[in-house]
Amino acid sequence: MNQTLLVEIQTEELPPKALVKLGAAFAAGITNGLKARDFLEADSVATTHATPRRLAVTITNVRGTSPDKSIREKVLPVSVALDKDGNPSAPLAKKLAALGFPDLQVSDLERAQDGKAESFFYTYTAAGSALAGALQDVLADTVAKLPIPKVMSYQRPDGATVQFVRPVHLLVALHGEQVLPLSLLGLEAGRHTMGHRFLSHGGQIAIPHADNYANVLESEGKVLSSAEARKESIRRQLLDKAGADQVLMPESLLDEVAALVEWPVVYECRFEEEFLAVPQECLILTMQTNQKYFALTDANGKLRSRFLIVSNLQTDDPSAIIGGNERVVRPRLSDAKFFFEQDKKKTLESRLPHLASVVYHNKLGTQAERTERVTILASSIARRLGYDVPLAERGARLAKADLLTDMVGEFPELQGIMGTYYARHDGEHEEVALAASEHYQPRFAGDALPSTNTGLTAALADKLETLVGIWAIGLQPTGEKDPFALRRHALGVMRMLVEKRLPLSISDLLADAAAVFEGQAAFKDPRAEVTVFMLDRLRGMLRERGFSPNEVEAVLAQNPDRVDDVVQRLEAVQAFAALPEAESLAAANKRITNILKKTEAAIGEVQEGLLQEQAEKNLAAAIQRVRPSVDAAFASGDFTGTLKTLAQLRDDVDAFFNDVMVMAEDLALRNNRLALLSQLHGMMNRVADISKLAA
């Protein structure tokens, strides 16, 4: 009979950061194991339950016995099963006995083609197996394969030592209302579990039926068994308590807090107003990282002195909980305040000499040497762009100085952010101050780009120095490994070049970057490889923005050295591809490309006197007619207009290939026609290689 299945392991507190993964793996292991053994129906639904003190899964419509199966077993090749006289051989008798059918006769077997030879087969019905036996194997296999971060050894009451992520106290296994006779880690399965450590009615809780699991836990045990339900409960309560304020609730923090409580309750706490003099990023980070608290800001994003906590206790008088948490957070905020005040006693510039004692990489020197390289590179980029060179140099030189501050030493996540605060305190130019944080941008996909010229030059210089330097010493990304985040750096450079429309040559940038490593013993010039790597990142970025692979390839196949207009070229290609003439012209361009590739001799100019066929005369005239419009549109950056003008050539191009033999026997005639095609090819591919649009 089909019923809902429940399997639960009740434990001591599980590691919160691993809880969701453990819960998902436990549920998937049980579900997939039973599905492979044919105990689930097509509409069976598995639900994951994971709390700090349990891993569980419920699966609907689970069979009590798996269906009988028809099995066609290969016995032996006929040549082995029968002797030369056609009688059953000794190997056949031995094989049948091994299969458990010693009384079968040759007449009971099916003789059928098996590849190039014939074999004997036997078809029989295997009876289904009971759920309990199969589930025992599935449970043992699932537990053995759980992604446990660190295994714990502990003693059972009987003195035996077992291993699991945390000590296990109870095992529940129900098929409907029936207890299944399973065992695990020395425990026998039953129907009793434990509720909330403090809020449940006390003692063990009986689960009468697998369907009632979540409801009984919630009503009698004060436990929300779903991690997602706890997370959403926390979110709702936070928003309710925040009122008109904004609550800072990153998903990672919500996930972690939901894994720490079984019955979440949100309370409001406060800290002293004097702490608001500290940069709010410091206070927010210490509350989130150290205490798992939720900070509040006003509508303008300014930190408030009240914050929210998530407790595992519900009480009519939470004053002790609130007071305790306020006492705990105060020393953390005091530390942040102390670090901030101490750091301000020294300027960022005074810290620069100490970067010489911080190793960047043993093959690339110290942070001081790296800072000098980045400064030179930022200066070069600023000069190419016409930006303020002294500001660019100053911004790059001070960008890493906050690595030596107490605050960043305590909270590495604040590097750059604190540099901006300290630079402002030192009286540095605002662009120099912002460069301390902006030179890390973009930090991740979708992050903002630097807002200032100085921040932009520092960001480009920092990323290019990393790309070229790390690649040069043989630490380029391999597979999934990218310890120096070179993919992110390359993508960041391409985003800045494209989105800021920077008129910079990739080859010039990489040449400048390689130049700052001159004299470095371990340096091997990687510019060619890095160029390919950067363009590959650009390909991915453009595809994510909705351009098709063919459109992207049409623009990037020419390996452009400047990419500031790449989006405009792609938009032009898209508009061209929508024209009725596009398919024919793309195919013709592809044909021209292939013809020109096979031409070894130098191609000269078109000689009008050698144009014989009317079709080639018409094409030459058409090219001369549209060339001024094409040149003007291209020069003004109107790439769409450039390609749409070329669309006028379709009929003449089609007629040329229908009526003209390009590879004529007359060498002069052939070379003239190749020159005409070369002229057309160059004009057609100024914006993009439209042959890539051909199917």
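A brief structural summary. (Residues numbered from 1 in each chain as written. Predicted model: local features only at pLDDT ≥ 70, side-chain atom pairs only at ≥ 80, totals over all residues. Heavy atoms only, no water.)

### Section: empty space enclosed by the protein
Here is step 1: Applying the stated rule across the entire model yields 1 cavity of 30 Å³ or more.
Here is step 2: Estimates place the volume of the largest cavity at around 50 Å³.
Here is step 3: Lining the largest cavity are R370, T371, V374, A396, A399, K400, H439 and D462.
Here is step 4: Considering each element in turn, the lining of the largest cavity owes the most residues, 3 residues, to helix α11 (residues 367–385).
Here is step 5: Grouping the amino acids of the lining of the largest cavity by side-chain chemistry returns 3 nonpolar, 2 polar and 3 charged. (1 Å grid on protein atoms, 1.4 Å probe; cavity = no way out; pocket = protein on both sides within 12 Å on 5 of 7 lines; lining within 4 Å. Points joined across faces, edges and corners; volume = space filled by probe spheres on them. Helix = DSSP H or I, 4+ residues; strand = E, 2+ residues; numbered from the N terminus. Nonpolar A, V, L, I, M, F, W, Y, C, P; charged D, E, K, R; others polar.)

### A short note on the side chain of S379
Here is step 1: Relative to the helices and strands, S379 resides in helix α11.
Here is step 2: With residues up to four places along the chain from it excluded, the contact list for S379 reads V389 and E393. (Contact = heavy atoms within 4.5 Å.)

### Some points on the packing of aromatic side chains
Here is step 1: Scanning the model with the defined rule gives 12 aromatic pairs in all.
Here is step 2: Ring geometry for F271 versus F275: centroids 6.4 Å apart, planes at 65°, classification edge-to-face.
Here is step 3: Centroid distance F656 to F657: 5.4 Å. Interplanar angle 85°. Geometry classified as edge-to-face.
Here is step 4: Pairwise contacts between aromatic rings join F271, F275, Y293 and F307 into one cluster.
Here is step 5: The ring of F639 carries the charged tip of R569 above its face, separated from the ring centre by 4.7 Å.
Here is step 6: We note R686 situated over the ring of F634; from NZ or CZ to the ring centre the distance is 4.4 Å. (Phe/Tyr/Trp six-rings, centres within 6.5 Å; stacked < 30°, edge-to-face > 60°. Lys NZ or Arg CZ within 6 Å of the ring centre and 35° of its normal.)

### Re the side chain of R306
Here is step 1: You can see R306 is positioned in strand β18 (residues 303–311).
Here is step 2: Within polar-contact distance, the side chain of R306 engages the backbone oxygen of A242 at 2.6 Å.
Here is step 3: One polar contact links R306 to E268, side chain to side chain, over a distance of 3.0 Å. (Polar contact = N/O pair within 3.5 Å; in protein donor to acceptor, adjacent residues only side chain to side chain.)

### Topic: the layout of surface pockets
Here is step 1: Approximately 420 Å³ is the volume attributed to the largest pocket.
Here is step 2: As for the largest pocket, its lining consists of 18 residues, and the residues nearest its centre are K400, Q415, Y440, R488 and H489.
Here is step 3: Listed by contribution, the elements that provide at least two residues to the lining of the largest pocket are α11, α16 (453–472) and α17 (486–499).
Here is step 4: For the lining of the largest pocket, the leading source of residues is α16, giving 3 residues.
Here is step 5: A per-class count over the lining of the largest pocket returns 6 nonpolar, 5 polar and 7 charged.

### Some thoughts on helix α22 (residues 582–597)
Here is step 1: Its 16 residues give α22 an end-to-end C-alpha distance of 22 Å, which sits within 8% of 22 Å, the value for a rise of 1.5 Å per residue.
Here is step 2: Turning to α22, its buried residues are A582, L585, A586, A588, N589, I592, T593, I595 and L596.
Here is step 3: Where α22 is buried, its residues touch α21 (566–577), α24 (639–646), α25 (650–659) and α26 (667–684). (Expected span 1.5 Å × (residues − 1). Buried < 20%, exposed > 50% of the residue type's maximum accessible area, 1.4 Å probe, protein only.)

### With respect to the nonpolar core
Here is step 1: Counting residues in each nonpolar core, the largest one holds 92 residues, and the members touching the most others are M534 and L542.
Here is step 2: Here the element with the most residues in this core is α16; it accounts for 10 residues.
Here is step 3: Ignoring any residue separated from it by four or fewer positions in sequence, one finds M534 in contact with L464, L467, A490, V493, M494, I506 and L510.
Here is step 4: A18, I59, V143 and I148 belong to the second largest nonpolar core, which has 41 residues in total. (Core = buried A, V, L, I, M, F, W, Y, C linked by side-chain atoms within 4.5 Å.)

The values reported here are purely geometric and, on their own, carry no functional implication.
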